[in-house]
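Each chain, letter by letter, is given below.
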Amino acid sequence: MSQQTVGTRGLVFNEPLIFEQGSPGRMGYSLPASDVPEKKADRLIPKKLLRDDIPGFPEVSEVDVVRHFTRMSQWNYGIDLGMYPLGSCTMKYNPRLNEDMARLPGFARAHPYQPEAVSQGALQLLWELEQYLAEICGMDRVSLQPSAGAHGELTGIMLIRAYHTSKGNPRKKILIPDSAHGTNPASSAVCGYQVVPVKSGPRGVVEPQVVAEVMDEDVAGIMVTNPNTLGIFEDHIVEIAKVVHGKGGQVYCDGANLNAFIGIARPGDMGIDVIQLNVHKTFSTPHGGGGPGAGPVALKRHLAPFLPVPTVGKKGLEFALNYDLPKSIGKVRSFVGSFGVLLRAYTYIRTLGPTGLRRAAEVAVINANYILSQLKGAYHLPYDRFCKHECVFDDAIQVHDNVKTLDIAKRLMDYGFHPPTIYFPLIVHGALMIEPTETESKETLDQFIAAMKAIAREAMENGDLVRNAPHNPRVSRMDETKAARQPNLRWRQKPPSL
Amino acid sequence: MRYIPNTDADCRKMLDTIGVRSVEDLFSDIPASVRLKRPLRIPPALSEADLGKHLHGLAAKNADADRYSSFLGAGCYHHFSPAIIGHLISRGEFLTAYTPYQPEISQGTLQAMYEYQTLICQLTGMDVSNASMYEGASATAEAILMAHRVTGRNEVVVARSVHPEYRQVTHTYAQQIDITFHEMGFTPSGAADLKGAKSVLTDRVACLVVQNPNFFGVVEDLSELAEAAHAVGALLVVAVTEPVSLGLLKPPGECGADIVAGEGQALGVPMSYGGPYLGFFATQEKYIRQLPGRLVGATEDREGRTGYVLTLATREQHIRREKATSNICTSEALIALMATIYMETLGKSGLKEVALQNLRKAAYAKERLGKVRGCAIRFSGPTFNEFVLQVKKKPPDLLKGLLRKQIIGGLDLSRLYPELKDCLLLCVTEQNSREQIDALAKAMGGGR
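Residues numbered from 1 in each chain as written. Chains lettered and ligands numbered in written order. Predicted model: local features only at pLDDT ≥ 70, side-chain atom pairs only at ≥ 80, totals over all residues.

1. Considerations on the domain arrangement of chain B
All names here are of chain B. Applied cut-off: All domain edges in this entry derive from an automatic or database-based domain assignment. Here the contact rule is simple: place C-beta atoms from the backbone, and any two residues whose C-beta atoms are within 7 Å are in contact. Secondary structure follows DSSP: runs of H or I at least 4 residues long count as helices, runs of E at least 2 residues long count as strands, and numbering of each begins at the N terminus.
Partitioning chain B into domains gives domain 1 (69-81 + 347-446) and domain 2 (84-341). Relative to domain 2, the C-alpha centre of domain 1 lies at a distance of 27 Å. Each partner contributes residues to the interface: domain 1 has 25 residues there, and domain 2 has 25 residues. Where the side of domain 1 that touches domain 2 is concerned, the elements lending two or more residues are helix 10 (333-370) and strand 12 (386-391).

2. So, the nonpolar core
Applied cut-off: Among buried residues, those of type Ala, Val, Leu, Ile, Met, Phe, Trp, Tyr and Cys that are joined through C-beta atoms within 7 Å form a set called a nonpolar core. In this scheme every C-beta is placed from the backbone, and a residue whose C-beta has 20 or more other C-beta atoms within 10 Å is buried, one with 12 or fewer is exposed, and one in between is partly exposed.
Grouped together as the largest cluster of nonpolar side chains are 314 residues, with contacts concentrated most on Leu342 of chain A together with Cys207, Leu208, Val209 and Val237 of chain B. Leave out the neighbours within four places in its chain, and Leu342 of chain A touches Leu126, Leu129, Leu144, Val279, Ala294 and Gly337 of chain A.

3. Here we look at helix 7 (residues 183-190) of chain A
All names here are of chain A. Most of helix 7 is tucked away: eight of the eight residues are buried. Taken as a whole, helix 7 has its buried residues at Thr183, Asn184, Pro185, Ala186, Ser187, Ser188, Ala189 and Val190. Backbone geometry just after helix 7 places Gly192 at a positive phi near 80°.

4. Brief notes about the sheet that holds strand 12 (residues 432-434) of chain A
Residue and element names in this part refer to chain A. The criterion, for reference: Pairing between strands is defined by DSSP: at least two bridges between the two strands are required.
Taken in spatial order, the three strands make up an open sheet running 10-12-11, and their pairing is antiparallel. This sheet does not close on itself; its edge strands, each paired only once, are strand 10 (391-393) and strand 11 (421-422). Of the strand pairs in this sheet, strand 11 and strand 12 are connected by two bridges, and their pairing is antiparallel. The partner of Ile422 across the bridge, within strand 12, is Leu432.

5. Overview of the confidence of the model for chain B
The condition that has to hold: The predictor's confidence in any single residue is recorded as pLDDT, a number from 0 to 100.
Mean pLDDT over chain B stands at 96; residues scoring 70 or higher make up 97%. In the predicted complex, the global pTM is 0.97; the interface-specific ipTM is 0.97.

6. Some details on the packing of helix 5 (residues 107-124) of chain B against helix 10 of chain B
All names here are of chain B. The condition that has to hold: Inter-axis angles, ranging from 0 to 180 degrees, are taken between N-to-C directions of lines fitted to C-alpha atoms, where helices are fitted over the stretch in contact. For classification, angles of less than 35 degrees are called roughly parallel, those exceeding 145 degrees roughly antiparallel, those between 65 and 115 degrees roughly perpendicular, and all remaining angles oblique. Crossing handedness is defined as follows: a turn of the near helix away from the far one that is anticlockwise and smaller than a right angle gives a left-handed crossing, while the clockwise case is right-handed. Amino acids outside the nonpolar list (Ala, Val, Leu, Ile, Met, Phe, Trp, Tyr, Cys, Pro) and the charged list (Asp, Glu, Lys, Arg) are all regarded as polar, and Gly is one of them.
Between helix 5 and helix 10, the least distance of the axes is 9 Å, while the angle of their chain directions is 60°. If you check the angle between helix 5 and helix 10, you find them oblique. For the element pair helix 5 and helix 10, the recorded crossing hand is left-handed. Contact residues: Thr109, Ala112, Met113, Glu115, Tyr116 and Leu119 in helix 5; Ala333, Ala336, Leu337, Ala339, Thr340 and Met343 in helix 10. Residue classes in the contact of helix 5 with helix 10 are distributed as nine nonpolar, two polar and one charged.

In structure tokens form, the structure reads like this:
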């Protein structure tokens, strides 16, 4: 590795668990003195319902806490540090303006049950966001309630089930292509549906006649991920929708990959009935180490009677929550939804506008195809055609030198990059799924490409270097088998030594 | 566009390398018939300064708990939150990281999650906790689905004193797979009516679901409820919407609870008009493999150094697909991090002190308001920081009058409980001063 490589080593700290720090009586808080009578707790609540102590709870100062988390943060990789090409995850830059706006007291300190008369700003924002998302998707209505992509999927399938039930029969099965997202089968199963897998064809897309063969009146609908997990646009989507609609089924689109065509085409114009959006992907809200996200669901008019409550309505100049939807599926979470996340998505949309959103999709697709064109040859490309927002390679060349996808991924860390998504989609053996997003400049992509090519060379010339990677992070490869065989899921106080 | 580095010239070079004439060529697989031939009809881009002004304007139209004197609780609580939380979670290494799939470069998030799981266990008195879920209501629904998997039974009994939105969410989830619901009423003290529910608490029941403190703020006798559930082979699910109460109350795990699910917002997370929040979920050791959601476990690296990984993934949807314990993929890592920092900063004595202040201030408010003409404390049971007040005046009129005085006077229960249509649910936290409580009593007609 040369001086030009981004990844290097720096001073990082060891930091024990908080439970192994501090001393009795140490504290990190200060509360105002009590201004009401200081009655004893057991005068107000029977003693048998009270606890004395929280055994093991920390006793540390504010300084201890700040150093603890600052040191731990340095063991993490984030988009702020470098390229994070996790396929299917759309790791784009998280604008800081959005964070500041979410912290304005009028948003952060607003209670979800406060009177509508003093919530007009929040309601207006939600109402406008619904209009924007409906327009972006070519849909009629949007539920902002679901808390994540998979939660949106679940809500979408519930809506389909409610629609069929209202026609007298909820039906039994959901069709799911093998190139769909991993959560789709579980979301269907939670709704009581049997999952029927659909094989994608040699071009990496679902063929309409294959759908027609399994489509019957027992099928509630199909869940299509578009572009699919190979990064390929399902170009038969219009015909597939016709086949499914022909037997009274509904078409669900997993919209996690919307960043590939936002502003260029709209799911609603392709015959999609319902789609979830992952605002933590397409609309730049931070992943935060795995949440919070939000998964609004956009849908066509015929599904609107079943929307979760409350919806946001507008009467004249006033905005209001509407709980009165007799056919509603109910609620999928408390209150109106993850307002703070939705607000960040709103801010992002208003920052980019129609031109910026389209530009994001275009550059995301150019970036992905640029990587595809440059790594072809060094890595095996199972579907050799233009991609959308992500490209999928595998380790077919490197396995000859006994270097696997996992090794390549780990070695990338040493070069200063987060690895791509690996071993997914399942239909590509040893998949390396690379999604650069529009966030990365040509120079960064060139550095990434150079690192990938260097690793391909290392695989041939010095396999052990790759197989033993990573070398730069604070810890090396973890024993995941041990973690699963002897689960240690919490700290416990050691018994006093004898 | 300041978020997109590549210029037209950069793009041109890349398109040449790719070997296409224009970006259009890369979209030729999208059928022409469905390609959008016009710009999206959304407002044009705003500069950072202009957008900031616009959002400040919207925010100013909302009441916030600093400018108003608010007595709203009901599943979302206005507590003091130390300044360091906002600073620490803003570190890009936490904020802009994905789910920790690559443990070697995610140890910060992973160790924080392991500490979170431990703190939730300590707080609830349970053996194991997952790494967080969406929020309290869906976590409670997941608890019911888990009880159904564990027992193989298809009926559940849910106390009417469980948060109405939690009940609604559990219904939405459970109706997909034909679970029958029975309701357990409440006694004049406001507690779950165990006696009245004897006939439905049978050996067909997967779980009994109660909330503690319940929606009316009343502290339940969980041991009694656990005994009754276990007598018919059902699990006891305890929902907690106000975890600050656990600074004082006996933990559900010591009372026989099998699953504790709830909302962690009260632990240092802003109210944010409804989210993002934090669902917590804890259970007993024997149910580890039935637990939904992400789990972090301790292990070692090749050199024997302690480290942490996501573990027991064989329960999860990307491996088990339709046979997974849940479809949940995301947790609420950043919000769990907020709660972790909150719990560690307040620590053993701080959480107890906050809980005690809540209890005392609410007790003071109860005493003051109970003496106001036309007001009465509706339930006789012991309460934590919320209570139900019966009022002579029509609640909507009363609340409107209070709002004119910058007081948000609690929740009108008529939409949620027709039988309590003349009642308000009030919450008093450490953020409410005695002065605010006295002003509320005065505005409601209590003199002084």
